[in-house]
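Structure assessment
Next come the chains, spelled out residue by residue.
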Amino acid sequence: MFALLIDVTRCVGCGACVAACCEANGLPLEEGADLGPYHYTVVRKVRTRRGEVYYRLLCMHCLDPACASVCPIGALKKRPDGPVTYNASICMGCRYCVQACPFEVPRYEWNSRAPKLGKCSFCAERLQHGQVTACAEACPTGATLCGERNELLKVARERIAAEPGKYLPKIYGEREVGGTSVLYISHVPFRTLGLPEHLPLEPLPGYTGRALSQIPPLVGSAGIVLAGLWWLTDRKAEVARAERETRSGGRR
Amino acid sequence: MMIRRLFWRWLALAILAAGVYATIVRFTQGLGAATNLSDQMPWGLWVGFDVLCGVGLAAGGFTITTAVYILHLEKLRPIVRPAVLTAFLGYLLVIVALLYDLGRPWNIWRATVMWNPRSVMFEVAWCVMLYTTVLAVEFSPLLFDRLGWRRASRAARSAIVPLTAAGFILSTLHQSSLGSLYLILPTKLHPLWYSPLLPWLFWFSAVAGGLAMVIFESGMSARAFGRALELDVLEKLARAMTVFVGLFLFLRWWDLGRRGHAATALHVWGADSLPARMFWLEMALFVIPAALALSSRWRRSPQRLFGLGCTMVGAFLLHRLNVSTTALAAGQSYFPSWMEIAVTLMLVTLGVAAFRFAVRHLAVFEGPRRMKEERPTQVVYA
């Protein structure tokens with residue numbers, strides 16, 4: 001499975017990844033934009049105690065994505081080789097994916113009559129042709145690497161081990177919400193990069209899955225209980241009617 | 001009287017005009033032009049009120065039919081038809097609201113072919129479709145009788161017990177699944193509302209809210225159609241409502257305590273105190289009518305009973321709106337656009353108009369239709 005490793009310490013904020021992304025996806029290049037339906041990745045600058053830090057945001061491509069699990073018709077799918085892809089032609093626009101994403105990544109074309117979702121596709125087609133993602137190819141400093149997830153985890157661990165004073169001892173995305181295909185290592189806390197902290201380590205679809213799994217037994221037992229109650233109360237009404245008739249029988 | 005009627009008529013017309021304008025904007029320029037929705041707040045009034053509340057307030061349909069046809073509570077029979085009508089119209093309006101809210105409504109049929117059983121929305125879609133069908137069949141004898149189609153009417157009536165059971169199961173799934181929708185947001189939903197028990201909380205509050213809606217709707221009908229209020233029946237509903245609210249509140253507090261968030265509710269002053277305040281407002285709206293409904297003096301007075309029903313409907317609405325809006329960080333700065341409000345008001349107005357139309361032309365209320373004219377001394381709500 002493919003993954004991206006983003007090394008925040010190496011990002012110089014040149015924006016080559018953003019330009020390459022726009023070119024590969026036929027999107028307009030805009031300075032200083034937020035993630036949006038036409039901006040699949042953005043580079044941002046943040047002032048910290050360790051100076052100015054550049055970082056970039058994009059879809060995290062969760063291993064068990066909330067967006068794909070909530071989509072009622074499967075317009076969003078996790079491919080076995082890594083990408084979470086979106087099929088606009090079948091989407092009905094319920095926006096449950098926008099609501100469910102813990103990273104607030106999917107963005108919606110709010111001003112369209114046939115709105116689509118916009119988010120990074122992990123260059124799914126390029127991967128199929130044996131290429132790396134456009135952003136990784138364009139990155140001049142190796143701040144974004146594209147490769148096998150296990151390999152990249154190894155690289156990340158090696159970098160952290162080599163310079164323990166520099167890196168925080170954590171690979172963001174290794175275990176968050178069950179793991180993601182985009183991994184971050186950094187010298188500044190991940191929350192300053194706008195990445196949510198304290199995410200559950202369990203994949204989010206498990207939360208709704210537990211409720212959904214109660215349905216079959218619930219339907220079965222409700223059916224049995226209703227049938228039982230109907231039979232009981234019907235019998236009771238019948239007995240009451242019969243009693244009334246025998247009591248008034250003499251008079252009739 | 002004349003002036004009052006004119007006022008309502010003009011108000012309805014104004015609402016319809018605003019709603020039609022909003023409809024045109026929505027479908028020609030997209031959701032962004034008509035609503036205050038955003039990527040941070042993708043579900044607004046149309047989901048929070050029209051869908052979540054609409055479905056919940058239609059719960060009177062399945063509770064009353066279950067009470068009458070499964071539990072043989074014959075005393076409730078006079079209110080079965082208006083309850084089914086309310087539920088049926090409620091579901092139709094929910095479907096219309098969904099068509100407004102979906103970005104690509106022409107793809108809605110795909111939910112029937114492209115299955116993703118892991119999605120709560122998929123369950124919701126199927127429950128809406130199937131239960132609307134059940135409600136249509138439950139409602140159909142009224143139409144068949146009017147048309148004189150006796151065999152069709154008899155056929156529909158003969159299926160009422162299995163239909164009611166199916167309606168109970170589908171409604172239970174649907175009401176609870178609206179709560180389950182929010183289970184995927186453990187980090188986004190405020191802890192005062194996020195709970196693994198959301199499906200159950202939604203079910204209990206829907207039953208209470210649905211019964212309150214029947215009381216409300218009976219009061220309004222009594223007023224509008226000059227009918228006597230079925231006080232002895234509604235008094236029983238108020239009692240049942242109290243039981244379900246009690247269970248809901250017990251579950252709510254037990255859950256808050258279990259998750260260690262009972263103290264979160266005390267955060268009523270200072271920064272970020274809006275959720276706690278809304279929580280207590282919601283609590284008060286649930287507890288006060290439920291407590292008053294314990295007294296038979298309150299239950300047996302038509303005006304007071306009507307007031308209890310209204311307050312409980314309000315409590316229910318606030319709970320749903322809190323879950324869908326207040327509990328989200330982005331929701332606290334969201335307020336619907338006037339066009340979102342206009343469409344919602346238009347749908348409610350159309351629902352009321354359809355109800356009136358049905359009452360005029362179909363035997364919705366059993367027995368003599370215009371009691372006021374025949375027996376002016378009856379207890380009439382006014």
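Anything mentioned here points back to the structure above.
To start, this report covers the structure provided alongside it. (Residues numbered from 1 in each chain as written. Chains lettered and ligands numbered in written order. Predicted model: local features only at pLDDT ≥ 70, side-chain atom pairs only at ≥ 80, totals over all residues. Heavy atoms only, no water.)

**Focus on the overall build of chain B**
Note the threshold: Numbering goes from the N terminus for both helices and strands, where a helix is a DSSP run of H or I of at least four residues and a strand is a run of E of at least two. This radius of gyration counts C-alpha atoms alone. The globule rule is 2.2 Å times how many residues there are, raised to the power 0.38. Only protein chains enter the calculation, and the probe is 1.4 Å; a residue is then buried if its accessible area is under 20% of its type maximum, exposed if over 50%, and partly exposed in between. Note on contacts: a residue pair qualifies if any of its non-hydrogen atoms lie within 4.5 Å across the two residues. Only four residue types enter the charge count, namely Lys and Arg as positive and Asp and Glu as negative; His and the chain termini do not. One atom stands in for each charge, and that atom is NZ of Lys, CZ of Arg, CG of Asp or CD of Glu.
When its secondary structure is counted, chain B shows 15 helices and 0 strands. A globule of 382 residues ought to have a C-alpha radius of gyration of about 21 Å, and chain B, at 21 Å, matches this closely. Viewed in the frame of its principal axes, chain B has a C-alpha envelope of about 60 × 50 × 50 Å. Across the 382 residues of chain B, 56% fall into the buried class. Within chain B, residue pairs in contact and separated by at least 24 positions form 78% of the contacts whose partners lie at least 6 positions apart. For chain B, the distance from the average position of its 35 positive side-chain charges to the average position of its 18 negative side-chain charges is 5 Å.

**Description of the overall build of chain A**
Helix and strand counts for chain A come out as 8 helices and 9 strands. Taking 2.2 N^0.38 as the reference for a compact globule, 252 residues should give roughly 18 Å; the C-alpha atoms of chain A span a radius of gyration of 27 Å, well beyond that estimate. Expressed along its principal axes, the backbone C-alpha trace of chain A runs to roughly 105 × 45 × 35 Å. For chain A, buried positions account for 50% of its 252 residues. In chain A, once contacts between residues fewer than 6 apart in sequence are set aside, the share between residues at least 24 apart is 58%. When the 32 basic and 24 acidic side-chain charges of chain A are each reduced to a single mean position, those positions are 7 Å apart.

**Comments concerning the nonpolar core**
Going by this rule: Side-chain atoms within 4.5 Å link the members of a nonpolar core, which is a set of buried Ala, Val, Leu, Ile, Met, Phe, Trp, Tyr and Cys residues. How far each domain reaches was decided by an automatic or database domain assignment.
Grouped together as the largest cluster of nonpolar side chains are 185 residues, with contacts concentrated most on Tyr96(A) and Tyr184(A). Broken down by element, the residue count for this core peaks at 15 residues, all from helix H9 (residues 198-225) of chain B. Inspection of this core shows a minimum of three residues originating in each of domain 1 (2-208) and domain 2 (214-249) of chain A. In contact with Tyr96(A), other than residues within four places in its own chain, are Val70(A), Thr208(A), Trp43(B), Val120(B), Met121(B), Ser180(B), Leu181(B), Tyr182(B) and Ile184(B). Grouped together as the second largest cluster of nonpolar side chains are 10 residues, Leu152(A), Ala156(A), Tyr167(A) and Ile185(A) included.

**Some words on the packing of helix H5 (residues 80-101) of chain B against helix H6 (residues 120-147) of chain B**
All names here are of chain B. The criterion, for reference: What counts as an axis is a line fitted to C-alpha atoms, over the stretch in contact for a helix, and the angles between N-to-C directions run from 0 to 180 degrees. An angle below 35 degrees is treated as roughly parallel, one above 145 as roughly antiparallel, one from 65 to 115 as roughly perpendicular, and anything else as oblique. For any pair of crossing helices, the crossing counts as left-handed if the nearer helix is rotated counterclockwise from the farther one by less than a right angle, and right-handed if it is rotated clockwise. Gly counts as polar in this scheme, as do all residues outside two lists: the nonpolar Ala, Val, Leu, Ile, Met, Phe, Trp, Tyr, Cys and Pro, and the charged Asp, Glu, Lys and Arg.
For the pair H5 and H6, interaxial distance at closest approach is 9 Å and the crossing angle is 140°. In terms of their interaxial angle, H5 and H6 are classed as oblique. Crossing hand, H5 versus H6: left-handed. Here Arg 81, Val 84, Leu 85, Ala 87, Phe 88, Tyr 91, Leu 92 and Ile 95 of H5 come into contact with H6, specifically with Val 128, Tyr 131, Thr 132, Leu 135, Ala 136, Glu 138, Phe 139 and Leu 142. For the contact of H5 with H6, the class distribution of residues is 13 nonpolar, 1 polar and 2 charged.

**Observations concerning the pattern of salt bridges**
Which entries qualify depends on this criterion: The salt bridge definition used is simple: a Lys or Arg side-chain nitrogen within 4 Å of an Asp or Glu carboxyl oxygen.
For the structure on display, the rule yields 27 salt bridges over all chains. Across the pair Arg235(A) and Glu238(A) runs a salt bridge, and its minimum N-O distance is 3.6 Å. You can see Arg235(A) and its partner Glu238(A) sitting in helix H8 (residues 215-249), 3 residues apart, about one turn around the helix. A relative accessible area of 41% means that Glu238(A) is categorised as partly exposed. Notably, a salt bridge pairs Asp255(B) with Arg259(B), separated by 3.0 Å at the nearest N-O pair. Relative accessible area serves as the criterion here: at 24%, Arg259(B) is assigned to the partly exposed category.

**Observations regarding the packing of aromatic side chains**
For clarity, the threshold we go by: Stacked, edge-to-face and tilted labels apply to pairs of Phe, Tyr and Trp rings (six-membered ring for Trp) whose centres lie within 6.5 Å, assigned for plane angles under 30 degrees, over 60, and everything in between, in that order.
A complete count under the given rule lists 28 aromatic pairs over all chains for this structure. Both rings, one in Tyr96(A) and one in Trp43(B), keep their centres 5.1 Å apart while their planes meet at 35°; by these two values the pair is tilted. Here the residue Tyr96(A) occupies a position in helix H3 (residues 96-100), and Trp43(B) occupies one in the loop between helix H2 (31-34) and helix H3 (45-57), the pair thus bridging two chains. Accessibility assignment for this pair places Tyr96(A) and Trp43(B) in one class, buried. Measuring from ring centre to ring centre gives 5.6 Å for Trp115(B) and Trp126(B), while their planes differ by 70°; the resulting arrangement is edge-to-face.

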